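Chains, contacts and geometry: an overview
Residues per chain, in single letters:
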Amino acid sequence: MTLKVTKKPLISNRMIMKKYVMIFSFLACSLTAMAYLSGNPGDRDVFRAYELRMNGKVDEAKALLLQVLDKDSTNAMAHYEMARLNFYLLTGGGGTRLEDVAAHISKAADLEPDNVTYAYYRAVSGFMNAFMYMQMGQEDKIKDAVDETCSLLRKVLLLKPDYCEPMLYLVEIYGML
């Protein structure tokens with residue numbers, strides 16, 4: 001009797017998509033709660049931009065977010081929603097780059113370093129960046145991107161030690177090494 005060994009990908013595309021759906025659902029609920037609890041008019045505009053994006057009015061949402069950021073470039077929630085809007089455009093081929101997502105989520109996380117939602121989204125963005133380098137065969141960039149992702153995930157765990165999702169990402173990454 002012989003055993004047939006087949007190579008299976010460590011992470012299936014379906015599994016990745018399920019994770020992103022769960023992550024973005026969680027993040028959407030977080031944004032909604034933050035906007036309703038906030039008394040800042042800019043944050044209310046960010047929530048309106050979120051609603052516009054969810055209703056397919058992406059151009060209007062982007063214009064509103066740009067107005068908010070023109071008035072207050074330190075509005076972390078606006079940078080967070082702009083990162084999410086850019087990710088939405090990226091997945092639909094809407095003329096944006098992963099670097100646009102990373103720039104806005106990095107700004108949000110830098111402005112509010114204790115915000116676990118922003119830190120986690122930044123880490124997920126880093127994971128997506130590393131994954132894209134792997135898919136495109138950019139061997140020279142993979143190691144640094146994976147190291148950065150692991151660092152960002154560990155930072156999330158410093159903010160919230162019982163956060164399961166970053167732990168699972170780290171387990172997957174370390175399991176592939």
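Here, the structure is the one placed above.
Below is a short write-up of the structure. Please read these numbers as outputs of a predicted model, since none were measured by experiment. (Residues numbered from 1 in each chain as written. Predicted model: local features only at pLDDT ≥ 70, side-chain atom pairs only at ≥ 80, totals over all residues. Heavy atoms only, no water.)

1. Describing the nonpolar core
By size, the foremost hydrophobic cluster in this structure holds 27 residues, and its most contacted members are Leu65, Leu85, Ile105, Tyr118 and Tyr121. Those elements giving two or more residues to this core turn out to be α2 (41–54), α3 (58–71), α4 (76–91), α5 (98–111) and α6 (116–135). Considering each element in turn, this core owes the most residues, nine residues, to α4. Listed in part, the 19 residues of the second largest apolar core include Val124, Ile142, Cys150 and Leu152. (Core = buried A, V, L, I, M, F, W, Y, C linked by side-chain atoms within 4.5 Å. Buried < 20%, exposed > 50% of the residue type's maximum accessible area, 1.4 Å probe, protein only. Helix = DSSP H or I, 4+ residues; strand = E, 2+ residues; numbered from the N terminus.)

2. Considering a negative patch on the surface
A contiguous patch of negative charge on the surface is contributed by Glu139, Asp140, Asp144 and Glu148. Inspection of the secondary structure puts Glu148 in helix α7 (residues 139–159). For Glu148, a relative accessible area of 43% translates into the label partly exposed. (Patch = residues over 30% accessible without salt bridge, like charges linked within 9 Å, V, L, I, M, F, W, Y side chains within 5 Å. Areas by Shrake-Rupley, 256 points an atom, 1.4 Å probe, with all protein chains shown as cover. Salt bridge = Lys/Arg side-chain N within 4 Å of Asp/Glu carboxyl O. Lys, Arg positive; Asp, Glu negative; His and termini not counted. Charge placed at Lys NZ, Arg CZ, Asp CG, Glu CD.)

3. A few points about the environment of Arg84
Position of Arg84 relative to the elements: it lies in helix α4. By relative accessible area, which is 5% here, Arg84 ends up buried. In the structure, Arg84 is positioned 20 residues away from His104 in sequence and 8.8 Å away in space, judged by C-alpha atoms.

Scope: geometric values only; no functional claims are made or implied.
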